[in-house]
Amino acid sequence: MLLQNPTKQAAVTTADKVFEQLQFAIVEGEMAAGSKISEPELAKHYQISRSTLREALNRLEKCHLIERKANVGSRVVDCTIEGLLELYITREALEGMACRQAALNMTDEEVAHMQDMLTQHAGDKALQDGVAYYQEKGDLDFHYKVILGSHNKQLIELICGQLYHLIRMYRCQFGMNSPRASRAFDEHSRIIQAIADRDGELAEMLMRRHIAASRKNIENKITKEIAQKEQNKIQLIKS
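Residues numbered from 1 in each chain as written. Predicted model: local features only at pLDDT ≥ 70, side-chain atom pairs only at ≥ 80, totals over all residues. Heavy atoms only, no water.

Novice: Is there a simple way to explain the overall build of the protein chain in this structure?
Specialist: Across its full length, the protein chain holds 10 helices and three strands. Counted from the first residue to the last, the protein chain has its helices and strands arranged as α-β-α-α-β-β-α-α-α-α-α-α-α. For the protein chain, buried positions account for 44% of its 239 residues. A sequence separation of at least 24 residues applies to 77% of the contacts in the protein chain between residues at least 6 apart. Total accessible area on the protein chain is roughly 13400 Å²; 51% of this is exposed by carbon and sulfur atoms. (Helix = DSSP H or I, 4+ residues; strand = E, 2+ residues; numbered from the N terminus. Buried < 20%, exposed > 50% of the residue type's maximum accessible area, 1.4 Å probe, protein only. Contact = heavy atoms within 4.5 Å. Areas by Shrake-Rupley, 256 points an atom, 1.4 Å probe, with all protein chains shown as cover.)

Put into structure tokens, the structure is as follows:
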């Protein structure tokens, strides 16, 4: 049974359309992380009523893309290091379970489509050069397809409906370049093979290890950047 995809619901109302436009602007960094949201300005920009705008903002808050506080107003979420690491820990648990479910519930056709998608990914020059492994959102995103393949509506709503765009926001704003590009692709290949073999236990373990390795890579990258900044400060003082 195909389940409704929370990230691809057709925009019907004005609030739907504004929600999608604001969502894109936040994820892609057009609206800066941590920036204050002016409801009067947005209502004027989109030529909509304040009530329609608030409906769109309510949905953005549910996706964890904005924060709203009484007597303070709305603000785009901040992309913090702590928030990023917490998000990866959450992903490790939820996507691991989704992967186990996918091994049980994915159709043979869905598995074949994912294998074709990885073949398409393999042709990307940045990946071949080992520089970056960038995946377009939605149907060309490996993790997204695994989650949908779980056929578990609760997991799909939790990850795709509430966390998916926040994950993409962090990906966009923290950069895609990674020394793990080639290794991440190989890990994806082993995960889909476990799913194809209907080995849910192995599929879950591989997915959890894959996301944990990405988290550790980020932690190492951040540690190096902090150390470099401290070194630059010392050199400035000495000079």
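Novice: What should I look at first to understand the packing of helix α7 (residues 142-149) against helix α10 (residues 200-238) in this one?
Specialist: Contact geometry of α7 with α10 gives a least axis separation of 14 Å together with a crossing angle of 150°. For the pair α7 and α10, the crossing hand works out as left-handed. Contacts from Phe-142, His-143 and Val-146 of α7 reach α10 at Met-207, His-210 and Ile-211. Of the residues contributing to the contact of α7 with α10, the split by class is four nonpolar, two polar and no charged. (Axes fitted to C-alpha atoms, helices over the stretch in contact; angles between N-to-C directions. Left-handed = near helix turned anticlockwise from the far one by under 90°. Nonpolar A, V, L, I, M, F, W, Y, C, P; charged D, E, K, R; others polar.)

Novice: Please explain the environment of Ile-192 as it appears in this structure.
Specialist: You can see Ile-192 is positioned in helix α9 (residues 181-196). Expressed as a C-alpha distance, the spacing of Ile-192 and Met-207, which sit 15 residues apart in the sequence, is 9.8 Å. Discounting chain neighbours no more than four positions away, the residues touching Ile-192 are Val-111, Met-114, Gln-115, Leu-118 and Phe-142.

Novice: Looking at this structure, I do not really get empty space enclosed by the protein. What am I missing?
Specialist: Where empty space is left can be seen by rolling a probe of water-molecule size over the atoms. Tallied over the full model, the rule gives one cavity of 30 Å³ or more. Reported here for the largest cavity is a volume of approximately 40 Å³. What lines the largest cavity is Glu-95, Asp-141, His-143, Tyr-144, Ile-147, Ile-159, Tyr-164, Ile-167 and Arg-171. Elements with a minimum of two residues in the lining of the largest cavity: α7 and α8 (153-174). Broken down by element, the residue count for the lining of the largest cavity peaks at four residues, all from α8. Residue composition of the lining of the largest cavity, grouped by class: five nonpolar, one polar and three charged. (1 Å grid on protein atoms, 1.4 Å probe; cavity = no way out; pocket = protein on both sides within 12 Å on 5 of 7 lines; lining within 4 Å. Points joined across faces, edges and corners; volume = space filled by probe spheres on them.)

Novice: Just checking my understanding: could you explain the pattern of salt bridges for this structure?
Specialist: Once the charged atoms of two side chains with opposite charge are near each other, the side chains can pair. By the definition in use, this model includes 12 salt bridges. Linking Lys-62 and Glu-157 is a salt bridge whose minimum nitrogen-to-oxygen distance equals 3.7 Å. Placement of the pair is Lys-62 in helix α3 (residues 50-62) and Glu-157 in helix α8, with a sequence separation of 95 residues. What makes Glu-157 partly exposed here is its relative accessible area of 28%. The partner of Glu-95 in a salt bridge is Arg-91, and the shortest N-O contact between them spans 2.8 Å. (Salt bridge = Lys/Arg side-chain N within 4 Å of Asp/Glu carboxyl O.)

Keep in mind these values describe shape, not function.
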